[in-house]
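Read off the chains here:
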Amino acid sequence: MSEGGDNEARADDRALVAAVLARRPGAFETLVSRNQKLVWHLVYRIVQQPEDTRELAQEVFLQVHRRLGQFRFESALSTWIGRIAFSVASRHMQRRRLPMVEPDADGPSPLEQVGDGFDLAEAVADADLMRRMHEAIEALPPLQRTLITLYHMEELGIAEVARITDLPEGTVKNYLFRARLRLRRHLESLEACPS
């Protein structure tokens, strides 16, 4: 985003936060409508249960409402809300004793990079392949599913994904690399064994 666009977005965030804190009619509903897709994607990719996702999304927005006065504009409002959503969903997984990541079975850590020459969009151009790719994404561990969603589907940059998940950028790159590697292997196996 350009500096002018970034300043405009920050000003818009400030105006919306001020309106919500002043209890202007419709202000909180506007905040929810602008961020509900991000919250839904984040929470659902982690918990994978629509009923739990609905409850947790409501919890996210309740926390946002309660804590909005603490928001200091150090990031975009959506990033701050994303962090709350990630935290709520992660705590849910911890309470259920469900792992966010799986043990490393691939050996030593790959280079901390996202680019590996694999074009995810090109690979899923065909509808049947898209369905299979969606199934493969759903089969990833919760953290990898979430990072793939934020980076590829929400089109957020590594730095913003790191801020939302409270993970170091190198860790985000590492998990994205591993997730994309698993998806590529899955696609290659589908191509080798056509149905």
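Residues numbered from 1 in each chain as written. Predicted model: local features only at pLDDT ≥ 70, side-chain atom pairs only at ≥ 80, totals over all residues. Heavy atoms only, no water.

Q: Help me get a handle on helix α4 (residues 77-95), residues and values and all.
A: Between its first and last C-alpha atoms α4 spans 27 Å; for 19 residues at 1.5 Å apiece the expected length is 27 Å, and the two agree. One or two steps after α4, the chain reaches arginine 97, where phi turns positive at roughly 60°. (Helix = DSSP H or I, 4+ residues; strand = E, 2+ residues; numbered from the N terminus. Expected span 1.5 Å × (residues − 1).)

Q: Pulling in residues and values, what's your account of the confidence of the model for the chain?
A: Averaged over all residues, the pLDDT of the chain equals 83, while 81% of them reach at least 70. Mean pLDDT values for the elements of the chain range from 52 in helix α5 (residues 120-123) up to 94 in helix α3 (residues 50-67). (pLDDT = per-residue confidence, 0-100.)

Q: Explain the pattern of salt bridges to me, using residue names and the numbers behind them.
A: Evaluation of the coordinates by the stated rule reveals 5 salt bridges. Residue arginine 91 is joined to glutamate 59 by a salt bridge in which the shortest nitrogen-to-oxygen separation is 4.0 Å. Residue arginine 91 is located in helix α4, and its partner glutamate 59 is located in helix α3; the two are separated by 32 residues in the primary sequence. Assessed through its relative accessible area of 31%, arginine 91 is described here as partly exposed. (Salt bridge = Lys/Arg side-chain N within 4 Å of Asp/Glu carboxyl O. Buried < 20%, exposed > 50% of the residue type's maximum accessible area, 1.4 Å probe, protein only.)

Q: Describe the side chain of histidine 92, and please don't skip the residues or the numbers.
A: Its place among the elements puts histidine 92 in helix α4. Not counting residues within four places of it along the chain, the set of residues in contact with histidine 92 comprises Val47, Asp52 and Leu56. (Contact = heavy atoms within 4.5 Å.)

Q: Tell me about the packing of aromatic side chains, residues and numbers included.
A: A full pass over the atoms with the stated rule returns 3 aromatic pairs. With centroids separated by 4.6 Å and ring planes inclined at 55°, the aromatic side chains of phenylalanine 71 and phenylalanine 73 adopt a geometry described as tilted. Overall, the relative accessible area of 5% leaves phenylalanine 71 in the buried class. Judged by centre distance (5.1 Å) and plane angle (45°), the rings of phenylalanine 71 and tryptophan 80 are tilted. Overall, the relative accessible area of 14% leaves tryptophan 80 in the buried class. Put simply, the rings of Phe71, Phe73 and Trp80 pair up and form one aromatic cluster. (Phe/Tyr/Trp six-rings, centres within 6.5 Å; stacked < 30°, edge-to-face > 60°.)

Q: Describe the environment of arginine 182, with residues and values.
A: In this structure, arginine 182 sits in helix α9 (residues 169-192). With a relative accessible area of 28%, arginine 182 lands in the partly exposed category. Spatially, the C-alpha atom of arginine 182 lies 10.0 Å from that of alanine 139, the residues being 43 residues apart in sequence.

Q: Quick one: what's the story with the environment of glutamate 169, residue by residue and with numbers?
A: With respect to the secondary-structure elements, glutamate 169 resides in helix α9. On the basis of relative accessibility, which here comes to 40%, the residue glutamate 169 falls in the partly exposed class. Taking the C-alpha atoms as reference points, glutamate 169 and alanine 159, 10 residues apart in sequence, are found 6.2 Å from one another. For glutamate 169, the contacting residues outside a window of four places in its chain are Ile158, Ala159 and Ala162.

Q: Give me the nonpolar core: which residues, what numbers.
A: Counting 51 residues, the largest nonpolar core has Leu31 and Leu77 as the members making the most contacts within it. At the level of elements, α1 (3-21), α2 (27-47), α3, α4, α6 (127-139), α7 (142-153), α8 (158-165) and α9 are the ones that each hand at least two residues to this core. Per element, the largest residue contribution to this core is 10 residues, and it comes from α2. Counting residues domain by domain, this core receives three or more from each of domain 1 (2-96) and domain 2 (127-192). Residues contacting leucine 31, with those up to four places away along its chain left out, are Leu16, Val20, Phe61, Val64, Leu68, Leu77 and Ile81. (Core = buried A, V, L, I, M, F, W, Y, C linked by side-chain atoms within 4.5 Å. Domains from an automatic or database assignment.)

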